[in-house]
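In case you want the letters, here they are:
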Amino acid sequence: MHAWICDNPIGPEALSWKEVPTPEPRPGEVRVAIRAASLNFPDLLIVQNKYQMKPPLPFVPGSEYAGVVDAVGDGVTQFRVGDAVAAFGGMGGFATHACVDAQLVMPLAPGFAYEDAAAFICTYGTSHHALVDRAELKSGETVLVLGAAGGVGTAAIQIAKAVGARVIAAASSDEKCALCRDLGADATINYASANIRDELKTLTGGKGPDVVYDPVGGDLAEPVFRSIGWRGRYLVIGFAQGGIPALPLNLALLKGASVVGVFWGEFARREPQRNAQALAELARWYAQGRIKPVLDQTLPMPELQAAFARMGSRQVRGKLVLTNT
């Protein structure tokens, strides 16, 4: 097999594409012949040694992928060789093969494209857990999605619309805002050129959004939190801008608002049955055409470094996907 090896986590430029021995699945694992893998922002952080989890060296990055089961370890009864699957394994996806705990694998129904499946579990799992579980978003409520043209943002727009919410999508360019409207956003804000507080006041009639979905952090957090509605829920998804904001807690008191942490990976580990139910609902929505991953570009697996360069430029709309031929 071939894999991208990280033995010096100083950035994507230090990764190397190498031939390595093909692993055998251990008890409880399956081996996947990878057809497609997607990039998530933590994949970039982890090869820069900036992520909270620091795996022992060397390692193969790539948390999310899809393909075909080509070997089954002892004790695995739910999968057979030849099954089409997707996995969020945390590691190993930027390769031609990977072994993964069978509990982290999702079966794919006929017609579920590998490229879509590789871009599905993390972003849609995160956004479903955030909006449906943690925020308990209801039909008719208003949700503000920050970073709305990115991977989790585009998923959040679709999921919020699927449950009947009104969506205000905020992004950093007019082109990204246009993409959000194409996905069903009811209104958009270009926060690079407009005052987000003024826009939110106008778009909500002064009430503010019921839910804020924030994967960006940084200097947008405080003005947005000042705009949140009564009993609002501020979802802390991540910090793509780089800075971790310090919110004045008196605002939570004055607004009767909640600051809600969203750590989908830990939720999936601690509550696997609830996570499986959520993924099953998402798979049904995909089959019904209600949600579909937005793919920015699809590149051959050996072009991982070019994909990382595009991700680092903040130009990505949706997800970047790498494929093995």
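Since the structure is predicted, the reported quantities are computational estimates derived from the model, not experimental observations.

Engineer: Sorry if this is basic, but what is going on with the overall build of the protein chain here?
Structural biologist: Along its length, the protein chain carries 11 helices and 15 strands. Computed over C-alpha atoms, the radius of gyration of the protein chain comes to 20 Å, within 12% of the 20 Å expected from 2.2 N^0.38 for 325 residues, which places it in the range of a compact globule. Principal axes of the C-alpha set define a box for the protein chain whose edges measure 60 × 40 × 35 Å. Counting all 325 residues of the protein chain, 53% fall into the buried class. Counted over contacts in the protein chain with a minimum sequence separation of 6, partners at least 24 positions apart contribute 69%. Distance from the positive charge centre (30 side chains) to the negative charge centre (31 side chains) of the protein chain: 6 Å.

Engineer: What's the story with the environment of Arg270 in this structure? I'm lost.
Structural biologist: Among the secondary structure elements, Arg270 is positioned in helix α9 (residues 264-270). Among the residues examined, Arg270 registers a relative accessible area of 61% and is labelled exposed. Residues Arg270 and Lys138 lie 132 residues apart in sequence; the distance between their C-alpha atoms is 25 Å.

Engineer: Looking at this model, I keep getting lost on helix α6 (residues 196-203). Mind explaining?
Structural biologist: Residues spaced three or four apart along an α-helix point in a common direction, a consequence of the helix completing one turn every 3.6 residues. Backbone nitrogen of Arg197 and a side-chain oxygen of the N-cap are separated by 3.0 Å at the start of α6; the cap is Asn195. Gly205 lies just past α6 and shows a positive phi near 60°.

Engineer: Honestly, the sheet that holds strand β9 (residues 166-171) in this entry has me stumped. Any pointers?
Structural biologist: Strand pairing within a sheet occurs via backbone hydrogen bonds; the two strands may be parallel or antiparallel. One open sheet holds the six strands; their spatial order is β10-β9-β8-β11-β12-β13, and the pairing between them is parallel. Taken across any chain shown, the strands that pair with only one partner, and hence form the sheet edges, are β10 (187-190) and β13 (258-261). Between one strand axis and the next, the sheet turns by 20° as a mean value, whatever way the strands run. The pairing of β9 with β10 spans four bridges and is parallel. When the sheet's bridge partners are listed, Ala169 is paired in β10 with Thr188. Sheet contacts for helix α3 (residues 121-134): β8 (142-145), β11 (211-214), β12 (233-236) and β13; angle to β11, the most-contacted strand, approximately 160°. Contacts from helix α5 (residues 174-182) reach β9 and β10 within the one sheet, and its direction differs from that of β10 by about 165°.

Engineer: I keep staring at the state of the cysteines and nothing clicks. Help me out?
Structural biologist: Covalent bonding between the sulfur atoms of two cysteines is what defines a disulfide. According to the stated counting rule, one finds zero disulfides in the structure shown. Sulfur of Cys99: no disulfide; nearest cysteine sulfur belongs to Cys6 and is 20 Å away. Classification of Cys99 as partly exposed rests on a relative accessible area of 22%. A disulfide-free cysteine, Cys180 has its sulfur positioned 6.0 Å from the sulfur of Cys177, the nearest such atom.

Engineer: Looking at this structure, how should I read the side chain of Glu141?
Structural biologist: Of note, Glu141 is situated in the loop between α3 and β8. What makes Glu141 buried here is its relative accessible area of 14%. In terms of polar contacts, Glu141 uses its side chain to reach the backbone amide nitrogen of Lys138, at 3.0 Å. Ignoring anything within four residues of it in the chain, the contact list for Glu141 reads Glu136, Ala165, Arg166, Asp210 and Arg233.

Conventions used here
Residues numbered from 1 in each chain as written. Predicted model: local features only at pLDDT ≥ 70, side-chain atom pairs only at ≥ 80, totals over all residues. Heavy atoms only, no water. Helix = DSSP H or I, 4+ residues; strand = E, 2+ residues; numbered from the N terminus. Rg over C-alpha atoms; globule rule 2.2 N^0.38 Å. Buried < 20%, exposed > 50% of the residue type's maximum accessible area, 1.4 Å probe, protein only. Contact = heavy atoms within 4.5 Å. Lys, Arg positive; Asp, Glu negative; His and termini not counted. Charge placed at Lys NZ, Arg CZ, Asp CG, Glu CD. Polar contact = N/O pair within 3.5 Å; in protein donor to acceptor, adjacent residues only side chain to side chain. Pairing = 2+ DSSP bridges. Axes fitted to C-alpha atoms, helices over the stretch in contact; angles between N-to-C directions. Disulfide = S-S within 2.5 Å.

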